[in-house]
Structure formats: structure tokens, C-alpha cells
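Next come the chains, spelled out residue by residue.
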Amino acid sequence: MKTLLRASLVLFLALTLLTGVAYPLLVTGLGQALFPAQAAGSLLFRDGRPIGSSLIGQPFGEARYIWGRPSATAPTPNNAQASGGSNLGPSNPALLQAVEARIAALRAADPGNTLPIPVDLVTASASGLDPEISLAGARYQAARVARARGLSEAEVLALVDRHAQGQWFGFLGELRVNVLALNLTLDGRRP
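On a predicted model such as this, the values are computed, not experimentally measured, just so you know.

Would you take a moment to explain the pattern of salt bridges for this structure?
Pairing of side chains with opposite charge becomes possible as their charged atoms draw close. Scanning the entire structure with this criterion turns up eight salt bridges. The shortest N-O distance in the salt bridge between D187 and R46 comes to 2.6 Å. Of this pair, D187 sits in helix α7 (residues 179-187) while R46 sits in strand β1 (residues 43-46), placing them 141 residues apart in sequence. One salt bridge connects D187 with R149, and the closest N-O pair in it is separated by 2.8 Å. With D187 in helix α7 and R149 in helix α5 (residues 142-149), this pair connects stretches of sequence that are 38 residues apart. With respect to burial, D187 and R149 carry one shared label: buried.

Would you mind showing me how to read the sheet that holds strand β5 (residues 176-178) here?
Where strands meet in a sheet, backbone hydrogen bonds hold them as pairs that are either parallel or antiparallel. Strand order in the open sheet formed by three strands is β3-β5-β4, with antiparallel pairing between adjacent strands. In this open sheet, the two strands that pair with only one neighbour each are β3 (132-134) and β4 (164-165). Judged from the three bridges that link them, β3 and β5 form a sheet pairing that is antiparallel. If you follow S134 over to β5, its bridge partner there is R176.

Help me understand the packing of aromatic side chains, please; the structure alone is not making it clear to me.
The geometry of an aromatic ring pair comes down to the distance between the two centres and the angle between the two planes. Enumeration according to the criterion identifies one aromatic pair in this entry. Plain terms: the ring middles of F60 and Y65 are 5.0 Å apart, the flat faces sit at 45° to each other, and that makes the pair tilted. R144 extends its terminal NZ or CZ atom over the ring of W67, reaching a point 3.7 Å from the ring centre.

Please explain the layout of surface pockets as it appears in this structure.
Space left empty within the atom packing is revealed by a probe, the size of a water molecule, rolled over the atoms. If you add up the space inside the largest pocket, you get close to 330 Å³. Lining the largest pocket are 19 residues, with F60, W67, G68, R69 and P70 sitting closest to its centre. Sort the elements by how many residues they give to the lining of the largest pocket and helix α3 (residues 93-109) lands first, with three residues.

Which parts of the structure should I look at to understand the packing of helix α6 (residues 153-162) against α7?
Relative placement of two packed helices is described by the angle separating their axes and the distance separating the axes. Direction vectors running N to C along α6 and α7 enclose 140°, while the axes themselves pass 10 Å from each other. The pairing of α6 with α7 is recorded here as oblique in orientation. In the crossing of α6 with α7, the sense of the turn from one axis to the other is right-handed. From α6, V156, L159, V160 and R162 reach across to α7, where they touch L182, T185 and L186. Partitioned by chemical class, the residues of the contact of α6 with α7 number five nonpolar, one polar and one charged.

What is the right way to look at the nonpolar core in this model?
Note on soluble globular proteins: their nonpolar side chains tend to be buried together. Membership of the largest hydrophobic core comes to 23 residues, with the highest contact counts inside it found for I66, L106, V156, V160, L182 and L186. Looking at this core element by element, the count peaks at four residues for α6. Not counting chain neighbours up to four residues away, the residues in contact with L186 comprise I66, V145, R149, L151, V156 and L159.

Would you mind showing me how to read the side chain of S53 here?
Residue placement: S53 occurs in strand β2 (residues 49-53). A distance of 2.7 Å separates the side chain of S53 from the backbone oxygen of G41, its partner in a polar contact. Those residues in contact with S53 that lie beyond four places of it in its chain are G41, S42, L43, Q58 and L180.

The rules behind the values
- Residues numbered from 1 in each chain as written.
- Predicted model: local features only at pLDDT ≥ 70, side-chain atom pairs only at ≥ 80, totals over all residues.
- Heavy atoms only, no water.
- Salt bridge = Lys/Arg side-chain N within 4 Å of Asp/Glu carboxyl O.
- Helix = DSSP H or I, 4+ residues; strand = E, 2+ residues; numbered from the N terminus.
- Buried < 20%, exposed > 50% of the residue type's maximum accessible area, 1.4 Å probe, protein only.
- Pairing = 2+ DSSP bridges.
- Phe/Tyr/Trp six-rings, centres within 6.5 Å; stacked < 30°, edge-to-face > 60°.
- Lys NZ or Arg CZ within 6 Å of the ring centre and 35° of its normal.
- 1 Å grid on protein atoms, 1.4 Å probe; cavity = no way out; pocket = protein on both sides within 12 Å on 5 of 7 lines; lining within 4 Å.
- Points joined across faces, edges and corners; volume = space filled by probe spheres on them.
- Axes fitted to C-alpha atoms, helices over the stretch in contact; angles between N-to-C directions.
- Parallel < 35°, antiparallel > 145°, perpendicular 65-115°, else oblique.
- Left-handed = near helix turned anticlockwise from the far one by under 90°.
- Contact = heavy atoms within 4.5 Å.
- Nonpolar A, V, L, I, M, F, W, Y, C, P; charged D, E, K, R; others polar.
- Core = buried A, V, L, I, M, F, W, Y, C linked by side-chain atoms within 4.5 Å.
- Polar contact = N/O pair within 3.5 Å; in protein donor to acceptor, adjacent residues only side chain to side chain.

See below:
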């Protein structure tokens, strides 16, 4: 019995050191060496102060900003502690009502915009924390942002295009824009 208990304790301590100390230190060290910005949280700064991460969406509601994807995290949008989708299926009437309400809000914010609304502007993501929207979603909002900031629509569209990120590995996903990075650039522009 004593040898069995001793062997169990030795194995427990060895595995604790291996999986609880050595492995986390190795992974953290490799992450910081190979991907220093991502390991530090991919923070974006203004005036030397961190104001957000390029990996987590931020809520923007003013007309002068590009708006990100709707967030399903409740009660606060883009709440990393409540990350998760709404789990509403396509046949759920609550999903249809939410999408219709988001369409109405986009139309009310920019009544003259007759372009088709990109789907990512009216549907929440699986995590509720998407930091990016499609290039089409950002371009859809350019006229509203330009009017609110006193800029030309062409100038806003040029900034949107400049912030466009390509597909992963050249073929996965679609062209996208990091909302926080674009809005920081827009804040730096003056009419």
C-alpha cells in the first residue's frame, strides 16, 4: 500500500511539474518569441495608452464611426466574459426579428443608402467578439461616416480600402477590415 501511495504521489508531482509548470512556460516563451504582438494581446494604442485589442471587437454606435458586427454577448456588447453566440437557428422567429431590427436601424441611420446591406452587419458572430467586418460591410457605411465627419465619401472609401486585409493563405475567408484600427485612423483625420 505504501509503495502504491508513494508511486501515485511521485507521478502526481511529476505530471504537475510537467503540465502545470514546464509546458505553460514553454508555450508562453515560444509565443512571446515567435509572436510578440499577439502574445501581448495585440493591443492598439492612442497617445501611448492602450485603448483596445485588434483581436476583440469594440462597440461603436456613433454615426461618425464604422460599426462592427452585432454582438450576441449580453447584457454588454463585445463582453469577452460572456463570449458566445445567440444559438438562434434559422427557423427561430427571434433571429428573424433581431435581423429585421438591425436592418431597420441601419436604414434609419443612413436613409439615403439604397445599397444591399451586407449580411455581417445584421447577424451576430459565433463568439460575439468579432473585431473585423467584411470589406463590403465597411464600404456600405462609408457615406454615413463621411457625412458625420465632414469628409468626402471617396476619402473614407480610400481609408477603408487601405485597411483591407486579404484572405488567409490567399483563398480562405473574404476581404475584411479591422474596425478598431480603421476608426482610430478616422479619428486622426480632420475635415
